[in-house]
Amino acid sequence: MLTIGVLASGRGSNFQSIIDNIDSGFLKAGIKVLITDNPEAYAIERAKKHNIEAIIIKPKEFPDGDSYYLHIAETLKKKDVALVVLAGFMRVVGKPLIMKFHNKMMNIHPALLPSFPGLHGQRQALDYGVKVSGCTVHFVHEGVDTGPIIIQAAVPAYGDDTEESLSDRILQQEHRIFPLAIKLFSEGRITVSGRNVIIKAKERKC
Ligand code: GRF
């Protein structure tokens, strides 16, 4: 069974969708730990409700970014985590963590990458005036939202959308494709070749 470590900074609705998809049997995986940088994160309540260990690791308790991310990586390794899931972790992840989980760490971004990386992807898309936006699950490499793309989902963007209405529409798709990407990973169906992610079709039983 795939062992997952989740990093989240806020409300944790994506974290919840992963929990729900495990509970429903869609995902054959177990969440070993939630790590957060924010003691106020609602994700902590969600973890408690589902008996998932939650650990608060604050960057200001470390001399620099490298030691912070090394500590997170070691914590995840100690818990035997095979896949790290960034579910609204509002920091640029540092090299020591990226190296230890190369192509074993996924992030969800609320825009169709490579457009509108970084913060406020939904607002950036609206300000630009796009007619289609969406979300992207990608592996985490160095560089903000630059890693190989695993799955994307598109939604319409309307002229009278607010940041909130577009975000809500995108979030519904986030809750669908993030668990799906994790499922593909857990079934060993993902291969990364340079920037290209190849997804093996499921074998058909006749
Ligand atoms: C989502 O919009 C996700 O795409 C972005 O951060 C937000 C997290 O939301 N990376 P939640 O905490 O999972 O509800």
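Residues numbered from 1 in each chain as written. Predicted model: local features only at pLDDT ≥ 70, side-chain atom pairs only at ≥ 80, totals over all residues. Heavy atoms only, no water.

Outline helix α1 (residues 13-23), listing residues and values.
A large share of α1 lies buried, amounting to eight of its 11 residues. Within α1 the residues assigned to the buried category are Ser13, Asn14, Phe15, Gln16, Ser17, Ile18, Ile19 and Asn21. The secondary structure elements touched by the buried residues of α1 are β1 (2-7), β2 (29-36), α2 (42-49), β4 (83-86), β5 (105-109) and α6 (163-186). Positive backbone phi, approximately 95 degrees, marks glycine 25, located one or two places after α1. (Buried < 20%, exposed > 50% of the residue type's maximum accessible area, 1.4 Å probe, protein only. Helix = DSSP H or I, 4+ residues; strand = E, 2+ residues; numbered from the N terminus. Contact = heavy atoms within 4.5 Å.)

Can you break down the site of the ligand residue by residue, with the values?
Taken together, Arg11, Gly12, Ser13, Asn14, Gly88, Ile108, His109, Pro110 and Glu174 make up the full set of residues near the ligand. The contact in question runs from an oxygen atom of the ligand to an N or O atom on the side chain of serine 13, over 2.5 Å. Between the ligand and glutamate 174 there is a distance of 2.8 Å, counted from an oxygen atom to a side-chain nitrogen or oxygen. Expressed as a share of its isolated accessible area of 360 Å², the protein-covered part of the ligand is 87%. Those elements giving two or more residues to the shell around the ligand turn out to be α1 and β5. Partitioned by chemical class, the residues of the shell around the ligand number two nonpolar, five polar and two charged. (Near = heavy atom within 4 Å. Polar contact = N/O pair within 3.5 Å; in protein donor to acceptor, adjacent residues only side chain to side chain. Areas by Shrake-Rupley, 256 points an atom, 1.4 Å probe, with all protein chains shown as cover. Nonpolar A, V, L, I, M, F, W, Y, C, P; charged D, E, K, R; others polar.)

Give me the packing of α1 against α2: which residues, what numbers.
Helix packing for two helices is described by the angle between their axes and how far apart those axes are. The interhelical angle for the contact between α1 and α2, taken along N-to-C directions, is 20 degrees, at an axis separation of 9 Å. Accordingly, the angle class assigned to the pair α1 and α2 is roughly parallel. Between α1 and α2 lies a crossing whose hand is right-handed. Contacts between α1 and α2 involve Ser13, Phe15, Gln16 and Ile19 from the first element and Ala43, Arg46 and Ala47 from the second. (Axes fitted to C-alpha atoms, helices over the stretch in contact; angles between N-to-C directions. Parallel < 35°, antiparallel > 145°, perpendicular 65-115°, else oblique. Left-handed = near helix turned anticlockwise from the far one by under 90°.)

Can you lay out the pairing of strand β6 (residues 132-139) for me, pointing to particular residues and giving the numbers?
Counting buried positions along β6 gives seven out of eight residues, so the element sits mostly inside the fold. Relative to β6, β5 is paired through four bridges, and the arrangement is antiparallel. Note that in β6 the partner of asparagine 107 across the bridge is histidine 138. Bridge count for β6 against strand β7 (residues 149-156) is seven bridges, and the pairing is antiparallel. In the sheet register, serine 133 faces β7, and the bridge partner there is valine 155. (Pairing = 2+ DSSP bridges.)

Explain the side chain of aspartate 145 to me, using residue names and the numbers behind them.
Looking at the element boundaries, aspartate 145 is found in the loop between β6 and β7. Polar contacts involving the side chain of aspartate 145 include one to the main-chain amide nitrogen of glycine 118, which spans 2.8 Å. What aspartate 145 contacts, discounting residues up to four positions off in sequence, is Asn107, His109, Leu113, Pro117, Gly118 and His138.

Describe the nonpolar core, listing the residues and the values that go with them.
In this structure, Ile4, Phe15, Val85, Met106, Ile150 and Ile182 are the most contacted members of the largest nonpolar core, which totals 43 residues. The biggest single contributor to this core is α6, with eight residues. Discounting residues that sit within four places of it in the chain, phenylalanine 15 has contacts with Val6, Ile31, Leu34, Ala43, Arg46, Ala47, Ile52 and Ala87. Within the second largest apolar cluster, 21 residues are counted, among which are Ile57, Leu76, Val93 and Phe101. (Core = buried A, V, L, I, M, F, W, Y, C linked by side-chain atoms within 4.5 Å.)

Which residues make up helix α3 (residues 65-78), and what values do they have?
Under the 1.5 Å per step criterion, the end-to-end length of α3 is 20 Å for 14 residues, consistent within 8% with the ideal 20 Å. Here α3 has its buried residues at Tyr68, Tyr69, Ile72, Ala73, Thr75 and Leu76. Within α3, the buried residues cover an arc of 160 degrees as seen down the axis, which keeps them to one side. For α3, the elements touching its buried residues are β1, β2, β3 (54-56), β4 and α4 (95-100). Positive phi shows up at aspartate 80, right after α3, with a value of about 60 degrees. (Expected span 1.5 Å × (residues − 1). Arc of directions from axis to C-beta.)

Please provide a residue-by-residue account of the pattern of salt bridges, values included.
Applying the stated criterion to the full structure yields seven salt bridges. Residue arginine 91 is joined to aspartate 37 by a salt bridge in which the shortest nitrogen-to-oxygen separation is 2.6 Å. Separated by 54 residues along the polypeptide, arginine 91 in the loop between β4 and α4 and aspartate 37 in the loop between β2 and α2 bring together distant segments of the chain. Residue classification places arginine 91 among the partly exposed residues on the basis of a relative accessible area of 35%. Note that arginine 189 is salt-bridged to glutamate 187, the shortest N-O span being 2.7 Å. (Salt bridge = Lys/Arg side-chain N within 4 Å of Asp/Glu carboxyl O.)

Structural measurements only, silent on function.
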